Amino acid sequence: MPKLTVNGIEVEVEAGATVLQACEEAGFEIPRFCYHDRLSIAGNCRMCLVDMERAPKPIASCAMPAADGMAIDTQSERVKKAREGVMEFLLANHPLDCPICDQGGECDLQDQAMAFGGDASRYTENKRAVDEKHMGPLIKTVMTRCIHCTRCVRFATEVAGVPDLGAIGRGETMEITTYLEKTLASELSANVIDLCPVGALTSQPYAFVSRPWELNKVESVDVMDAQGSNIRIDARGGQVLRVLPRLNEVVNEEWISDKARYAIDGLRRQRLDQPYLRGSDGRLHPASWPEALEALRAAIKKARPAGMGAVIGDQLDAESIFAVKTLMDKLGSPHLDCRQDGAKLDGKRRASYLFNSTIAGIDEADALLIIGSNPRLEAPVMNARIRRRWLNSDIKIAHIGPEMDLTYPSEWLGEEAELLAGIADGSHPFAQLLQQAERPMLILGSGALRRADGAAILGKARQIAEQTGMTGKGWNGFNVLHNAASRVAGLDIGAVPSKGGMAVAEMLSAARAGSLKLLWLLGADELDLAGLEKCFTVYQGHHGDAGAHAADLVLPAAAWTEKNGLYVNFEGRVQQGLRAVFPPGEAREDWAIIRALAELLGVNLGFDSLDELRQMLCASHPQFAELDEITPAKWGKFGSTARLKGGVVEAGLTEFYMSCAISRASQTMAACRKAAGQPDAAQAAE
Amino acid sequence: MSIEALIAEEQPESFAFTAANEKEIKRILAKYPPERKASAVMPLLDLAQRQHDNWIPMAAIEEIAKRLDMAKIRVLEVASFYTMFNLKPVGRYFLQLCGTTPCMLRGSDDVTRCIKDKLGIASGETTPDGQFSLLEVECLGACVNAPIVQVNDDFYEDLDYDSTARLLEALAAGKPPAPGSVAGRQGSQSAAGPTSLAGLKPKKARTARKARHA
């Protein structure tokens, strides 16, 4: 642990820390452009120059390892001059177009020029001009503004794992570009916009939309996947304008996926803003809330508890799930399910459906088996963490499922489910690798769990975990990777069929046969809803997607940006999302709709406000009271010991950009899909 | 300079190394540990350029990237960084004219003017018949014999307006003169002949020493 002094203040930093980090530790801010905590050190912007005792000239603090006994001066006249000089060189070729630059107001160059630069320019020559580059539908480029910090190049190469970006040419003609200007083929591509310290890479969909000081900033949680990435929602005048990542070291660090960032334009399209009721002519007609709720009350009365079922969608908040569960219990209906994908998880043993190692635990794993999941599409930010682990260690990675490019080499064991039996009994060579590993880990995806023999696969996975020493001694490497933001909350609350209840698939076939009289879909769109004529179908949600089209009654609800709610990510971490804007038109928050319905049905749910609902939720499930924390789950028996059925294991998701009602309504996501070479949605639907 | 301006408009569909070069690649790759084979990128680019009329097509860049397990953009970065790699077709005689200070002081401007007069091309241009290309480059490292023009692999030194004209004529006729000083001096010896100790001969020097000893 080297000890050094910065401006006379003694600091002790970790071995391997840089002088820049030591200065930060001592409380002195060092200006920088190319240096970034999570990227390799480039040392090419020279903005971080500081004086070191006995050094003939200023040193680049970002690239100099801190050593014992160093005496650093960050406030000398020479440092001040050096910073002014570097800034003058950077600005020599930087256009003075701040008034029309989207980075204005949140620009590192602007801020640091104010803080550390000179007062006027001495440069009267022509500035260089650079052609714009094509980097796909998300990244707008104004390359004349580029200062060649190469943060974007390092991000694409190191974090995203798609080495498409590079700097061609040299000296004044150096330019950042993709190879032959192809789209940056990463699910994390838009993070380069945040990394860019100037306005060279800005957000294409957000171009010229707003200035940062006009925005209302709200801290929330992403629901596009189940990782629960921490986000900041920026809104103005009732519209969500952009989503940015928020730092959380143990969840998403400071990245978010392109879908989390850009599916938000889907929140403005195809919204349900008033109740609709299917008339005798077979068409949906606008209705008032009293009419709609009365129709639902009558249908529930007619269907009887045994004849009604409810399906929880993938983005519902925990409070609403709890409210539905309470209502269904009070009505006496056992047909409630939160597993839209049909995963065979009964929710009885908490360890059986959590990502037990936690996301941060990936940094310790030394062997990894992925079963029926494509983490690159299902949780891109977590996948970047696995990639980093692969870069920094000799972790062995293999997967069972379709062949895929995960941005790191992963041994493809095959796609047959029987392989699991071989690994469980130790006859497969990879089983030995898992056994030899100190911290082995497996990731079980919904591609495996939703199979008809999902319970047997779960059992085999538990067997593998126990056989290869994944559990015990402060380590649990048994991980389930969910794709739905609401899934873990649903399983925690117990939103699964109780005794005699039907799961989603059974409910749908019963509805087709006519034995289920009422099907209540709470934001559930990812189902085959054809042939439900015999059943009174109610869709409560925010988008006119599959569910609303099949419904006889549509209840408009709030999207996740429009309500306060708790979400539990796949680790079991409870996080709070806050309301950024109000729901459009007549749309109401889900819990309030359920509360109003209960009133009509004469059922007392025991709460009148969201606060009371939360108190009830925390009282019956104490882990919800621990915000941002993980309550470790106890290991035990789960899964079935039945034989595997054979056949192939699929990946959980095969489609990244359009996987929920919001992203399917998003034009930006459609453009991304097209740029990625996938057929557009209209063609896919045919 | 955008990528379109940097590379040739017309690119061949494919690129394959010749059998002789395949052997050479084997020899080059043997110099590096397998996990560091990306180090061979510059020798391979050079091979590709020599094989392909003194310029590197994108197909060759992709071929090299594949062989060395590198991202294509990484190979392009290297190829576009060094002026010695041509990403566009050049003439049969690729003239690299040094214009750095010592050459400029010794009259490289005259050489430039001569090339412009005789061939009608400026830096970065190629004659319509495809015989000559000119590129002004930075120091070629032969300042003692300035000014210099490098023609393909050979240096022609001590040029002035007239000798440059003669050199161009000889090249156009397909008879390249012997490389080196066109003024006829050996290596980098003084252009005016020996200037110091001129009167001394080795033999006399020996007698002088003897005399001193005596």
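Residues numbered from 1 in each chain as written. Chains lettered and ligands numbered in written order. Predicted model: local features only at pLDDT ≥ 70, side-chain atom pairs only at ≥ 80, totals over all residues. Heavy atoms only, no water.

Some words on the overall build of chain B
Within chain B one finds nine helices and five strands. Moving toward the C terminus, one meets the helices and strands of chain B in the order α-α-α-α-α-β-α-α-β-β-β-α-β-α. Radius of gyration (C-alpha) of chain B: 23 Å, far over the 17 Å computed for a compact globule of 214 residues. Principal-axis analysis of the C-alpha atoms places the extent of chain B at approximately 75 × 50 × 30 Å. A total of 214 residues make up chain B; the buried ones form 41% of that total. For chain B, contacts bridging at least 24 residues in sequence account for 65% of all contacts bridging at least 6. When the accessible surface of chain B is totalled, it reaches about 12,400 Å², and 53% of it is carbon and sulfur. When the 27 positive and 27 negative side-chain charges of chain B are each reduced to one mean point, those points stand 16 Å apart. (Helix = DSSP H or I, 4+ residues; strand = E, 2+ residues; numbered from the N terminus. Rg over C-alpha atoms; globule rule 2.2 N^0.38 Å. Buried < 20%, exposed > 50% of the residue type's maximum accessible area, 1.4 Å probe, protein only. Contact = heavy atoms within 4.5 Å. Areas by Shrake-Rupley, 256 points an atom, 1.4 Å probe, with all protein chains shown as cover. Lys, Arg positive; Asp, Glu negative; His and termini not counted. Charge placed at Lys NZ, Arg CZ, Asp CG, Glu CD.)

Notes on the overall build of chain A
Along chain A, the regular secondary structure elements total 22 helices and 28 strands. Relative to the compact-globule value of 26 Å for 686 residues, chain A shows a C-alpha radius of gyration of 27 Å, a close match. For chain A, the spread of C-alpha atoms along the principal axes amounts to about 85 × 60 × 45 Å. The buried share among the 686 residues of chain A stands at 62%. Pairs at least 24 residues apart make up 69% of the contacts formed inside chain A by residues separated by at least 6 positions. As displayed, chain A has an accessible area near 26,700 Å², and 51% of this comes from carbon and sulfur atoms. Of the side-chain charges in chain A, 74 are positive and 90 negative, and the distance between the mean point of each set is 3 Å.

Re the packing of helix α3 (residues 41-51) of chain B against helix α5 (residues 72-81) of chain B
All names here are of chain B. For the pair α3 and α5, the least separation of the axes is 11 Å and the interaxial angle reads 70°. Between α3 and α5, the angle falls in the class roughly perpendicular. Read as a crossing pair, α3 and α5 show a hand that is right-handed. For the pair α3 and α5, contact is made by Val 41, Met 42 and Leu 45 and by Val 75, Val 78 and Ala 79, respectively. (Axes fitted to C-alpha atoms, helices over the stretch in contact; angles between N-to-C directions. Parallel < 35°, antiparallel > 145°, perpendicular 65-115°, else oblique. Left-handed = near helix turned anticlockwise from the far one by under 90°.)

A word on empty space enclosed by the protein
It is a probe the size of a water molecule, rolled over the atoms, that shows where empty space is left. Residue and element names in this part refer to chain A. In this structure the tally under the stated criterion is three cavities of 30 Å³ or more. For the largest cavity, the calculated volume is near 170 Å³. Along the wall of the largest cavity there are 21 residues; nearest its centre are Asp 314, Gln 315, Leu 316, Gly 523 and His 542. No other element matches strand β25 (residues 536-541), which puts three residues into the lining of the largest cavity. Here the residues of the lining of the largest cavity are counted per class, giving ten nonpolar, six polar and five charged. (1 Å grid on protein atoms, 1.4 Å probe; cavity = no way out; pocket = protein on both sides within 12 Å on 5 of 7 lines; lining within 4 Å. Points joined across faces, edges and corners; volume = space filled by probe spheres on them. Nonpolar A, V, L, I, M, F, W, Y, C, P; charged D, E, K, R; others polar.)

Looking at the domain arrangement of chain B
Looking at the assigned domains, one finds that chain B contains domain 1 (3-81) and domain 2 (93-181). For domain 1 of chain B versus domain 2 of chain B, the distance between C-alpha centres works out to 28 Å. (Domains from an automatic or database assignment.)

With respect to helix α12 (residues 429-436) of chain A
Residue and element names in this part refer to chain A. When α12 is considered as a whole, its buried residues turn out to be Phe 430, Ala 431 and Leu 434. The buried side chains of α12 occupy one side of the element, clustering within an arc of 110° when seen end-on. Relative to its buried face, α12 has exposed residues pointing more than 90 degrees away, namely Pro 429 and Gln 436. Here the buried face of α12 lies against β17 (367-371), β18 (396-400), β19 (411-414), α11 (419-424), β20 (440-445) and α14 (454-467). (Arc of directions from axis to C-beta.)

Brief notes about the sheet that holds strand β14 (residues 284-286) of chain A
Residues and elements named next belong to chain A. One open sheet accounts for seven strands, arranged β14-β13-β26-β25-β24-β15-β16; its pairing is mixed. Only two strands of the sheet have a single neighbouring strand rather than two, namely β14 and β16 (336-337). Against the sheet, helix α8 (residues 318-331) makes contact with β15 (308-312), β16 and β24 (518-522), and its axis sits at roughly 165° relative to β15, the strand it touches most. (Pairing = 2+ DSSP bridges.)

Structural notes on the interface of chain A and chain B
On the chain B side, the residues contacting the 18 residues of chain A number 19 residues. Where chain A abuts chain B, roughly 1,500 Å² becomes buried across the two surfaces, and 60% of that area is made up of carbon and sulfur atoms. Of all residues in chain A, the largest losses of buried area upon contact with chain B belong to Ile168(A), Arg170(A) and Tyr179(A), amounting jointly to 44% of the total for that side. Our enumeration of links across chain A and chain B arrives at zero salt bridges. (Buried area = accessible area lost by both parts, 1.4 Å probe. Salt bridge = Lys/Arg side-chain N within 4 Å of Asp/Glu carboxyl O.)

What about the environment of Ser76(A)?
Turning to its location among the elements, Ser76(A) is positioned in the loop between β5 (71-73) and α2 (77-92). The sequence separation of Ser76(A) and Ala671(A) amounts to 595 residues, and the corresponding C-alpha distance is 52 Å.

Side note on the side chain of Asp453(A)
Secondary-structure assignment places Asp453(A) in the loop between α13 (446-449) and α14. Taking relative accessible area as the criterion, Asp453(A) reaches 4% and is therefore assigned buried.

Thoughts on the layout of surface pockets
Residue and element names in this part refer to chain B. Computed from the structure, the largest pocket encloses a volume of approximately 1,400 Å³. Lining of the largest pocket is provided by 45 residues; of these, Thr 83, Phe 85, Asn 86, Phe 94 and Leu 135 occupy positions nearest its centre. Counting only elements with at least two residues in the lining of the largest pocket, the list comes to α1 (3-6), α3, α5, β1 (93-98) and β2 (132-137). Residue composition of the lining of the largest pocket, grouped by class: 17 nonpolar, 17 polar and eleven charged.

Digging into the sheet that holds strand β12 (residues 239-245) of chain A
Hydrogen bonds along the backbone pair up the strands of a sheet, which may run parallel or antiparallel. Residue and element names in this part refer to chain A. Read across the open sheet, the three strands follow the order β10-β11-β12; overall the sheet is antiparallel. Two strands close off the open sheet at either side, each with one partner strand: β10 (216-221) and β12. Averaged over all adjacent pairs, the angle separating strand axes in this sheet is 30°, with direction ignored. Alignment of β10 against strand β11 (residues 230-236), held across six bridges, turns out to be antiparallel. By the bridge assignment for β11, Lys 217 is matched with Asp 234.

Quick notes on the packing of aromatic side chains
Residue and element names in this part refer to chain A. Per the stated rule, a full pass over the model turns up eleven aromatic pairs over all chains. Put simply, the rings of Phe 478, Trp 635 and Phe 638 pair up and form one aromatic cluster. Cation over ring: Lys 259 sits above Phe 656, and NZ or CZ is 4.8 Å from the ring centre. The ring of Phe 638 has Arg 462 sitting right over it, with the charged end atom 5.9 Å from the ring centre. (Phe/Tyr/Trp six-rings, centres within 6.5 Å; stacked < 30°, edge-to-face > 60°. Lys NZ or Arg CZ within 6 Å of the ring centre and 35° of its normal.)

Observations regarding the pattern of salt bridges
All names here are of chain A. If you walk through the whole model with that rule in mind, you get 57 salt bridges over all chains. The partner of Arg 388 in a salt bridge is Asp 363, and the shortest N-O contact between them spans 3.2 Å. In this pair, Arg 388 sits in helix α10 (residues 380-392) while Asp 363 sits in the loop between β16 and β17, placing the two residues 25 residues apart along the sequence. In this structure Arg 388 comes out as partly exposed when scored by relative accessible area, which is 26%. Under the relative-accessibility criterion, Asp 363 is labelled partly exposed at 27%. Linked through salt bridges whose partners overlap, the residues forming this network are Arg 38, Glu 249, Glu 253, Glu 254, Asp 363, Arg 385 and Arg 388.

With respect to the packing of helix α4 (residues 151-160) of chain A against α10(A)
All names here are of chain A. Across the interface, α4 lies against α10 with an axial gap of 9 Å and an inter-helix angle of 85°. As judged from the angle between their axes, α4 and α10 are roughly perpendicular. Residues Thr 157, Glu 158, Val 159 and Ala 160 of α4 form the contact with α10, whose own contacting residues are Ala 384, Arg 387 and Leu 391. Looking at the contact of α4 with α10 residue by residue, the class counts come to four nonpolar, one polar and two charged.

Comments concerning unusual backbone geometry
Both trends apply: most residues other than glycine have a negative phi, and most peptide bonds are in trans. Cis rather than trans, the peptide bond between Ala146(B) and Pro147(B) has omega equal to -5°. Of note, Pro147(B) is situated in the loop between β2 and β3 (149-151). The phi torsion at Leu180(A) lies on the positive side, around 50°, for a residue other than glycine. Tracing the sequence through the fold places Leu180(A) in the loop between β8 (175-178) and α5 (191-195).

With respect to the side chain of Asn383(A)
As for its placement among the helices and strands, Asn383(A) is situated in helix α10. Excluding its chain neighbours within four sequence positions, the residues that come into contact with Asn383(A) are Pro375(A), Arg376(A), Leu406(A), Thr407(A) and Tyr408(A).

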